[in-house]
Amino acid sequence: MLRMVEQGGERCWLLPCPPDDVTPAVLRELRMSAIPVEFPNETSRVLAAALRCCWADVQAGPWPGQSATMHEVLDVVDQLIPGREREVLHRFGMGAFRRLQSSRWLDIDDGAQTVRLGPRAATWPDQDLPVLRDLWRELPPPRSSGKSER
């Protein structure tokens with residue numbers, strides 16, 4: 001188990017931390033999921049867009065990050081797949097947000113319509129961070145914010 005305490009100590013999570021070589025069958029048996037498999041492409045895009053919007057200091061680890069609006073995250077997804085109708089983007093995006101929240105990859109405040117990286121983002125191995133940084137740099141920033149690349 002990995003104990004993750006949010007900055008300020010307001011919330012704390014205990015996350016099971018399986019070995020890197022664990023198989024999907026073992027994850028299912030433990031009722032754990034690396035990434036929800038329903039609509040995996042859309043879910044992965046929303047996670048990548050949230051990473052782009054919420055990773056506060058790309059030279060450090062991604063968790064806990066900063067808050068972004070759901071609109072900003074969906075704007076990044078929209079830039080990845082231009083031409084999609086707003087209604088379709090919203091429907092698939094909201095489903096992906098729910099799946100990522102239930103698996104603790106994202107932490108969502110429905111009332112404020114904001115999203116943060118969830119505690120599971122802290123479990124990314126250090127050897128994966130250079131690839132994640134490259135992904136962060138390649139993804140477009142949200143058009144509605146003036147955040148600059150770090």
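Residues numbered from 1 in each chain as written. Predicted model: local features only at pLDDT ≥ 70, side-chain atom pairs only at ≥ 80, totals over all residues. Heavy atoms only, no water.

S.K.: Please set out the pairing of strand β5 (residues 114-117) residue by residue, giving values where relevant.
M.R.: Side chains on a regular strand alternate between the two faces of the sheet. Of the two faces of β5, the one carrying T114 and R116 and the one carrying V115 and L117 are both buried. Both strand β3 (residues 68-69) and β5 contribute to a ladder of two bridges, which runs antiparallel. Each bridged residue has a counterpart across the sheet, and for A68 the counterpart in β5 is V115. Judged from the four bridges that link them, strand β4 (residues 106-109) and β5 form a sheet pairing that is antiparallel. Counted as the bridge partner of L106 is L117 from β5. (Buried < 20%, exposed > 50% of the residue type's maximum accessible area, 1.4 Å probe, protein only. Helix = DSSP H or I, 4+ residues; strand = E, 2+ residues; numbered from the N terminus. Pairing = 2+ DSSP bridges.)

S.K.: An account of the pattern of salt bridges is needed here, citing residue identities and associated values.
M.R.: Two side chains with opposite charge may pair up if their charged atoms get near one another. The tally for this structure, following the rule as stated, stands at six salt bridges. The salt bridge partner of R143 is D75, with a shortest N-O separation of 2.6 Å. Taken as a pair, R143 in the segment after α5 (129-138) and D75 in helix α3 (residues 70-80) lie far apart in primary sequence, 68 residues in all. The class of R143 is exposed, set by a relative accessible area of 51%. For D75, a relative accessible area of 6% translates into the label buried. Of the charged contacts, one joins R86 and D78 as a salt bridge, the two residues approaching to 3.5 Å between their closest N and O atoms. (Salt bridge = Lys/Arg side-chain N within 4 Å of Asp/Glu carboxyl O.)

S.K.: Which residues make up helix α2 (residues 40-54), and what are the values?
M.R.: In this model α2 runs 21 Å from its N-terminal to its C-terminal C-alpha over 15 residues, within 8% of the 21 Å that 1.5 Å per residue would give. With 11 of 15 residues buried, α2 lies mostly within the body of the structure. What α2 keeps buried is the set E42, T43, V46, L47, A48, A49, A50, L51, R52, C53 and C54. If you follow the buried residues of α2, they end up packed against β3, α3, α4 (86-102), β4, β5 and α5. (Expected span 1.5 Å × (residues − 1). Contact = heavy atoms within 4.5 Å.)

S.K.: Can you tell me about the sheet that holds β5, naming the residues and giving the values?
M.R.: By definition, the strands of a sheet pair up through backbone hydrogen bonds, in either a parallel or an antiparallel sense. With antiparallel pairing, three strands are arranged side by side in an open sheet as β3-β5-β4. A strand with exactly one partner marks an edge of an open sheet, and here the two such strands are β3 and β4. Helix-sheet contacts for α4 involve β4 and β5, and the interaxial angle to β4 is about 120°. (Axes fitted to C-alpha atoms, helices over the stretch in contact; angles between N-to-C directions.)

S.K.: I'd like to hear about the packing of α2 against α5, residue by residue, with values.
M.R.: Their axes nearest at 9 Å, the elements α2 and α5 cross at an angle of 85°. On the basis of the axis angle, α2 is roughly perpendicular to α5. Contacts between α2 and α5 involve A48, L51 and R52 from the first element and L132, L135 and W136 from the second. Of the residues contributing to the contact of α2 with α5, the split by class is five nonpolar, no polar and one charged. (Parallel < 35°, antiparallel > 145°, perpendicular 65-115°, else oblique. Nonpolar A, V, L, I, M, F, W, Y, C, P; charged D, E, K, R; others polar.)

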